[in-house]
Amino acid sequence: MTRIDSYVLHGQTQPSGLSEADWETWRVMEDAADEGLVGLLGISNVAVDQVKALVCGARIRPTFVQNRCFVRASWDRDMYTLCQKENIVYQAFALLSGNRQALVTPCVTEIAHHHNKTVPQVIYRFALELGMVPLTGTTDVSHMREALDIFDFTLTHNEIETLLTLRGPH
Ligand SMILES: NC(=O)c1ccc[n+]([C@@H]2O[C@H](COP(=O)([O-])OP(=O)(O)OC[C@H]3O[C@@H](n4cnc5c(N)ncnc54)[C@H](OP(=O)(O)O)[C@@H]3O)[C@@H](O)[C@H]2O)c1
């Protein structure tokens with residue numbers, strides 16, 4: 001039987017709160033999990049109040065939140081903090097594509113030089129150290145290898161603070 005490992009609700013019908021249609025969709029996803037058609041459930045492009053509502057009202061809680069992780073939104077801090085509290089895996093996307101200007105600032109390139117790594121590797125390592133699962137959208141084999149080569153170094157406390165306090169364009 002074909003089975004989908006991770007089934008993610010891409011977006012809700014409204015920016016805040018969950019509508020009847022959203023709940024109906026989640027119930028169908030729960031049924032699909034019950035039937036063994038899909039494995040773990042997740043939700044994407046979601047706001048903090050929506051995850052709280054889902055955690056309270058769902059029969060099967062989300063395993064994943066998949067969100068844009070923008071420097072200008074403090075790396076989606078409120079959401080990844082909630083995910084840690086609720087034991088939900090935070091999957092970060094747009095780490096590179098959404099933060100291009102912030103990632104060419106000298107303080108970021110200096111961190112990369114210090115570790116003899118590239119800026120994308122520093123950002124993926126940073127995301128890991130915040131407890132996130134970093135996603136890459138690369139179509140390039142060497143970039144994929146690079147993304148996987150982040151387990152032989154750690155960032156210092158000061159480097160993490162520097163990255164946490166980066167300011168992106170508004
Ligand atoms: N839930 C949603 O609504 C949603 C929306 C968008 C994306 N996603 C998912 O999120 C994941 C990440 O997608 P993303 O668009 O956020 O990816 P991303 O990695 O932030 O951006 C992809 C871009 O960055 C470049 N890139 C990647 N690694 C690089 C490296 N080491 N050095 C230089 N450039 C690099 C890629 O070019 P190359 O191809 O040349 O490496 C591509 O132009 C994907 O799995 C995607 O399916 C989810």
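See above for the structure.
Note that residues are indexed from 1 along each chain, following the sequence as it is written. Confidence filtering applies because this is a predicted model: local features only for residues at pLDDT of at least 70, side-chain atom pairs given and counted only at 80 or more, and all residues used for totals across whole chains, interfaces and linings. Hydrogens and water molecules were not included; the side-chain quantities draw on all heavy atoms of the structure.

1. A short note on the site of the ligand
Any residue with a heavy atom positioned within 4 Å of a molecule or strand is treated as near that molecule or strand. Around the ligand, 20 residues are found, and the nearest of them are S44, A94, T138, T139 and H143. Here L96 contributes a backbone N or O atom positioned 3.1 Å from an oxygen atom of the ligand. N or O atoms within 3.5 Å of each other form a polar contact, as long as, within protein, one can give a hydrogen and the other can take it, and as long as residues adjacent in sequence are counted only when both atoms are side-chain atoms. Taking E146, its side chain carries an N or O atom lying 3.2 Å from a nitrogen atom of the ligand. Using the Shrake-Rupley algorithm and a 1.4 Å probe, accessible areas are obtained, with residue cover drawn only from the displayed protein chains. Protein contact buries 68% of the 900 Å² of open area that the ligand shows by itself. What counts as a helix is a DSSP run of H or I of at least four residues, what counts as a strand is a run of E of at least two, and both are numbered from the N terminus. Counting only elements with at least two residues in the shell around the ligand, the list comes to α5 (119–129) and α6 (141–148). Only Asp, Glu, Lys and Arg are considered charged in this grouping, and only Ala, Val, Leu, Ile, Met, Phe, Trp, Tyr, Cys and Pro are considered nonpolar; every other residue, Gly among them, is considered polar. A per-class count over the shell around the ligand returns seven nonpolar, ten polar and three charged.

2. Re the nonpolar core
In this description, a nonpolar core means a group of buried Ala, Val, Leu, Ile, Met, Phe, Trp, Tyr and Cys residues linked to one another through side-chain atoms lying within 4.5 Å. Throughout this description, buried means an accessible area under 20% of the type-specific maximum (1.4 Å probe, protein chains only), exposed means over 50%, and partly exposed covers the range between. Grouped together as the largest cluster of nonpolar side chains are 47 residues, with contacts concentrated most on V65, W75, Y90 and L163. When contributions to this core are tallied by element, the ones reaching two or more residues are α1 (20–34), β2 (38–44), α2 (48–57), α3 (77–86), β4 (89–93), α4 (106–115), α5 and α7 (157–164). Counting residues per element, this core draws most heavily on α5, which supplies six residues.

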